[in-house]
Amino acid sequence: MVGLDCVEKGGAVGRPGFADVWCNPSSRSSRTPRRAAILLLLKLYLASSLKLMLQLFLKWMALFVFFVLFILSIQTYASCSDLGSSREDDERFRVEQAEAFRPKRPPHIIFILTDDQGFNDIGYHSRHIRSPTLDKLASEGVRLENYYVQPLCTPSRSQLITGRYQIHTGLQHSIIRPRQPSCLPLDVVTLPQRLQEAGYSTHMVGKWHLGFYRKDCLPTRRGFHTYFGSLTGSVDYYTYGSCDGKSLCGFDLHEGESVAWGKAGKYSTHLYTQRVRKILATHDSTSQPLFIFLSLQAVHTPLKPPKEYIYPYRHMGNVPRRKYAAMVSIVDEAVRNITYALRKYGFYRNSVVIFSTDNGAQPLTGGSNWPLRGCKGTYWEGGIRGVGFVHSPLIRHRRRVSRALIHITDWFPTLVGLAGGNVSQHQGLDGFDVWPTISEGKESPRLEILHNIDPLNRRSRGSFKDGYGLWDTTVQAAIRVGDWKLLTGDPGHGDWVPPQVLTNFPSSWWHLERQIEKKRKSVWLFNVTGDPCERHDLAAHRPDVVKELLARLVFYNRTAIPVRYPPDDARANPSLNGGAWRPWVGEDEREENWDGIYYKRGKNRKRKKCKLCKLQSFFKKLNLKIMSKQI
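You'll find the chain entered in an unreviewed UniProt entry as Sulfatase N-terminal domain-containing protein, with Cirrhinus molitorella given as the organism. In its Sequence similarities (unreviewed entry) section, UniProt records this for the chain: "Belongs to the sulfatase family." You can read under Cofactor (unreviewed entry) in the UniProt record for the chain the words "Ca(2+)".

Spelled out as structure tokens, the structure:
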């Protein structure tokens, strides 16, 4: 038998390796040739198999890439066919960006709105106010420290529920009074209506104050499945009597579209809290998302808290401030009971709780906006910079303070977006979806706020000349763009009022730090980021910024609709409607045209003659001049 000599490739005779060997048939060896042949064949087989597998893999990859490109081309074609104007493109991008930060399931939304709660009327702004629940919820959520509302009740509520500025709803001037045939425009879609379309069960509890002269104006006709509360702007906390003037009074507590005569006698904050807890107890948290709008009467006048809540504030010398603080504590207790119910009935883990005031406080009745300037009813920061926070387990970055610019109109698109609705379908909105700002800490999409333009509120001083030929500065207006805030006309009392501490503080002395303006002053400019207390007017030093902001006022004014502020209707008298405030215009009755006809103070009510009125007025003005050091 002829053997095989296995020689290494280099030619040296030695021990054969597993590879790199060749066989000499003429050589003799003890090794069998079969093993080397098998190894060689195995190598050739593996090489051919790997080559074949690689070819198949490349073919499949080519087919996959072709398929992906085909799908992308179809999507690109579809998206390109829907392109509109540049503004629509920006809106779509903003909506898609916000979509990524929304919860997977529509959350339960609880919106709590207080009345006349000032900047300094909450525990985390004032050590004298006890609000442990509100402080805890704010600290565990996101505190809004650059948040703006409107200076009065009706304007804030209208902008919250429509997402539109006052100039776009005709409610630019003052509030809706009980006898005025006016309400939120019926052709404007409301927040609860959009939430109903998204499958929500919607409920409102508390103060409406958006008009009720027709049944179509009532909350149950504007998107709420149920309603329990008062329709006017101010009622007694126990009797629920509401007066327009001193003599025209009626009952104002309603269940749906009927008068709730048998519900009187219980303190309103407790009564409204009890109703919210009942809604939570009877609703299945897993079957349908829930929206509750709790619009509290507190802490609006009259100051009538139960006595047991006043005792913790017995050290406060000023009686109105003491009662006011007690009412804030009652609100805190109400929020504690509601959040407890959210946990008890299984809503909390998928809920968003929003807390907000509707406007600044009135220092004369116990409230405080210190250290901000101004009060309720003014466009200074004390009248419009609101207390607010968002608390939710769905917030990604919690336990922080947000200084992003947010306005009350932003809640409409934000909540519709959270509910899964398409915000881009709503034309004419002035609000922005700020959920990414709240949840993720992203930059706010809002760059400016039109606080208002009120053509009916004019002052004698001011002119087009003072407005650089761009704007009539007799018109009351206010706007913020970036860090800058501009005011024209009459912004309201511009005093800085420290918290009142004297026991019997005369009402005529409430302005402890009187601001004396120049006689012809009608334009103010402030950098409210660096000067939030508005102590340094820069209008004379930065005319370039003044002109830019005046141009923005001109732009917004072109989009304004006529003011609706009709005179009183005698048929609204409660004595003609069973002793209660309720709709008085028939559903089939033709709507009257009030264009250019306005309510005028003093010409709508009969006033009793007072022989001492002129003398009292003289001494009041004299006292004001003495206090302001004009005499």
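Trainee: What is the right way to read the sheet that holds strand β15 (residues 400-402) from this model?
Mentor: Adjacent strands of a sheet form backbone hydrogen bonds with each other and so pair up, either parallel or antiparallel. Taken in spatial order, the 10 strands make up an open sheet running β11-β10-β7-β6-β12-β3-β13-β14-β4-β15, and their pairing is mixed. Both outer strands of the open sheet, β11 (258-259) and β15, are each paired with one neighbouring strand and no more. Bridging between strand β7 (residues 226-229) and strand β10 (residues 254-255) involves two bridges; their strand directions are antiparallel. Following the sheet pairing, F228 is matched in β10 by E255. Against the sheet, helix α6 (residues 268-282) contacts β6 (201-206), β7, β10 and β12 (290-295), and its axis sits at roughly 175 degrees relative to β12. Sheet contacts for helix α8 (residues 319-344): β3 (108-114), β12 and β13 (351-357); angle to β3, the most-contacted strand, approximately 175 degrees.

Trainee: I would appreciate a short explanation of the pairing of strand β19 (residues 484-488) in the present structure.
Mentor: The two faces of the sheet receive side chains in turn, since in a regular strand these alternate between them. Of all the five residues making up β19, five are buried; the element is thus mostly covered by neighbouring parts of the structure. Burial of β19 is two-sided: the residues W484, L486 and T488 facing one way and the residues K485 and L487 facing the other way are all buried. The pairing of strand β18 (residues 475-481) with β19 spans five bridges and is antiparallel. Bridge assignment links I479 to a residue of β19, and that residue is L486. Count of turn residues in the β18/β19 antiparallel hairpin: two residues, of which G482 carries a positive phi of about 65 degrees. Sheet topology note: the β19/strand β20 (residues 523-527) ladder contains five bridges and is antiparallel. Across the sheet, residue W484 finds its bridge partner in β20, namely N527.

Trainee: What should I look at first to understand α6 in this one?
Mentor: The α-helix advances 3.6 residues per turn, and as a result positions three or four apart in sequence lie on the same side. The end-to-end C-alpha separation of α6 is 21 Å, in line with the 21 Å expected for 15 residues at 1.5 Å each. Inspection of α6 places S268, T269, L271, Y272, T273, R275, V276, I279 and L280 among the buried residues, and these make up the whole buried set.

Trainee: What am I meant to see in the confidence of the model for the chain here?
Mentor: Any region with low pLDDT has predicted coordinates that should not be read closely. With 81% of its residues at a pLDDT of 70 or more, the chain shows a mean pLDDT of 85. Taken together, the stretch residues 603-608 has pLDDT below 50 and engages in 11 contacts with residues farther than four places along the chain or on a different chain. Residue range residues 627-631 is modelled with pLDDT below 50. Its contacts to residues more than four positions away, or to other chains, number eight contacts.

Trainee: Hey, could you run me through the sheet that holds β18 in this one?
Mentor: The sheet built from four strands is open, its strands ordered β17-β18-β19-β20 with antiparallel pairing. Strands at the two margins of the open sheet, each flanked by one partner only, are β17 (448-458) and β20. With direction set aside, neighbouring strand axes in the sheet form an average angle of 10 degrees. Sheet topology note: the β17/β18 ladder contains seven bridges and is antiparallel. Looking at β18, one finds that R458 is bridged to V475.

The rules behind these values
Residues numbered from 1 in each chain as written. Predicted model: local features only at pLDDT ≥ 70, side-chain atom pairs only at ≥ 80, totals over all residues. Heavy atoms only, no water. UniProt positions renumbered as here; feature names shortened; annotations may be inferred. Pairing = 2+ DSSP bridges. Helix = DSSP H or I, 4+ residues; strand = E, 2+ residues; numbered from the N terminus. Contact = heavy atoms within 4.5 Å. Axes fitted to C-alpha atoms, helices over the stretch in contact; angles between N-to-C directions. Buried < 20%, exposed > 50% of the residue type's maximum accessible area, 1.4 Å probe, protein only. Expected span 1.5 Å × (residues − 1). pLDDT = per-residue confidence, 0-100.

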